[in-house]
Amino acid sequence: MRQNVAVVELGLFRNRRTAVSAATTAALLVSLEVADGLASTDPGDDVRDQGTIELFGTATAAAIVGSCVSLVRRRPLPHRRSAWWAGLGLIWVGAAVNRAARRQLGHNYRSRLTAVPEHEFVKEGLYGRVRHPMYSGATLICTGAAVAIAAPASALWALPALALVHRIEFEEAMLHDVLGADYADFIRGRARLVHKVW
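Summarised in this report is the structure supplied together with it. (Residues numbered from 1 in each chain as written. Predicted model: local features only at pLDDT ≥ 70, side-chain atom pairs only at ≥ 80, totals over all residues. Heavy atoms only, no water.)

Let us look at the side chain of D36. Position of D36 relative to the elements: it lies in helix α2 (residues 16-37). Aside from chain neighbours lying at most four places away, what touches D36 is R99, R102, Y109 and S111. (Helix = DSSP H or I, 4+ residues; strand = E, 2+ residues; numbered from the N terminus. Contact = heavy atoms within 4.5 Å.)

What describes two packed helices is the angle between their axes and the distance between those same axes. For the pair α2 and helix α4 (residues 81-105), interaxial distance at closest approach is 11 Å and the crossing angle is 20°. On the basis of the axis angle, α2 is roughly parallel to α4. Here the hand of the crossing between α2 and α4 comes out left-handed. Counted together, R17, T18, S21, A22, T24, T25, L28, L29, L32, A35 and D36 of α2 and W84, W85, L88, I91, W92, A95, R99 and R102 of α4 form the full contact between these two elements. Split by residue class, the contact of α2 with α4 holds eleven nonpolar, four polar and four charged. (Axes fitted to C-alpha atoms, helices over the stretch in contact; angles between N-to-C directions. Parallel < 35°, antiparallel > 145°, perpendicular 65-115°, else oblique. Left-handed = near helix turned anticlockwise from the far one by under 90°. Nonpolar A, V, L, I, M, F, W, Y, C, P; charged D, E, K, R; others polar.)

Applying the stated criterion across every chain, the model contains eleven salt bridges. The salt bridge involving D46 is made with R48; its shortest N-O contact spans 2.8 Å. Under the relative-accessibility criterion, D46 is labelled partly exposed at 34%. Linking R188 and D185 is a salt bridge whose minimum nitrogen-to-oxygen distance equals 2.9 Å. Within this structure, D49, E54, R112 and R167 form a network of salt bridges that share partners. (Salt bridge = Lys/Arg side-chain N within 4 Å of Asp/Glu carboxyl O. Buried < 20%, exposed > 50% of the residue type's maximum accessible area, 1.4 Å probe, protein only.)

L105, Y127, M134, Y135 and Y183 are the most contacted members of the largest nonpolar core, which totals 22 residues. Those elements giving two or more residues to this core turn out to be α3 (52-73), α4, α5 (133-149), α6 (158-179) and α7 (181-187). Looking at this core, the element that brings in the most residues is α6, giving six residues. With residues up to four places along the chain from it excluded, the contact list for Y127 reads A101, Q104, L105, V122, P133, M134, F186 and R190. Residues A63, L77, C142 and A146 belong to the second largest nonpolar core, which totals 20 residues. (Core = buried A, V, L, I, M, F, W, Y, C linked by side-chain atoms within 4.5 Å.)

This part takes up α3. Residues spaced three or four apart along an α-helix point in a common direction, a consequence of the helix completing one turn every 3.6 residues. The terminal C-alpha atoms of α3, which comprises 22 residues, lie 32 Å apart, in line with the 32 Å expected from a rise of 1.5 Å per residue. What α3 keeps buried is the set T52, F56, A59, T60, A63, G66, S67, S70 and L71. With its buried residues spanning 135° around the axis, α3 presents them on a single face. Facing away from the buried surface of α3 by more than 90 degrees, the exposed residues are T58, V65 and R73. Those residues of α3 that are buried lie in contact with α5 and α6. (Expected span 1.5 Å × (residues − 1). Arc of directions from axis to C-beta.)

The next thing to look at is the packing of α3 against α6. Relative to each other, α3 and α6 sit at 170°, their axes nearing to 8 Å. The angle between α3 and α6 places the two elements in the roughly antiparallel class. Residues T52, I53, L55, F56, A59, T60, A62 and A63 of α3 lie in contact with α6, whose contacting residues are L159, P160, A163, L164, H166, R167 and F170. Taken together, the residues that form the contact of α3 with α6 break down as eleven nonpolar, three polar and one charged.

Here Q50, not a glycine, exhibits a phi torsion of approximately 55°, which is positive. Tracing the backbone through its elements, the reader meets Q50 in the loop between β1 (46-47) and α3. Given a relative accessible area of 59%, Q50 falls into the exposed group. One non-glycine residue, A150, lies in positive phi territory at about 45°. Summarising the element assignment, A150 is placed in the loop between α5 and α6.

Below you can see the structure in the form of structure tokens.
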């Protein structure tokens, strides 16, 4: 009887633990977006984004809305507990990778693709393994969301990942232009997102 009361009270979630884990994870993701939105800019910045941040944001919004609609119809969550907890684990690991990579970029970080004056080339830490570890983390977050919801709408989480692939193309062209031969040396032997894969 008590479990039925909890399901009615929580509506979308099977129990309080699931509801708290979802709320905590959502708060984490919102805090990442707010922090990115508050990233410093400089009047001397040469922004070359060409709409990639808007494409990623739109793709992410589509995945979130589609997932929410699907989940409301298929409640309560989780559908599969092992998938739920594995998915949330991937989200948290992805967030940790994303933030560690951002911290390693230091003052070079901008949310939009930007040629930063006096760019300091980062080759150490996570950047010693892959070219775009922040995007590796974001891809883990998208994968985790797809696994956690375990619904047909999981496929929508491919959209933000594809938007990142598109963004990588523009970013690498910009970095070749700004850093020249140094960037050509840097990419030699380094995968874009997944060490020794791609």
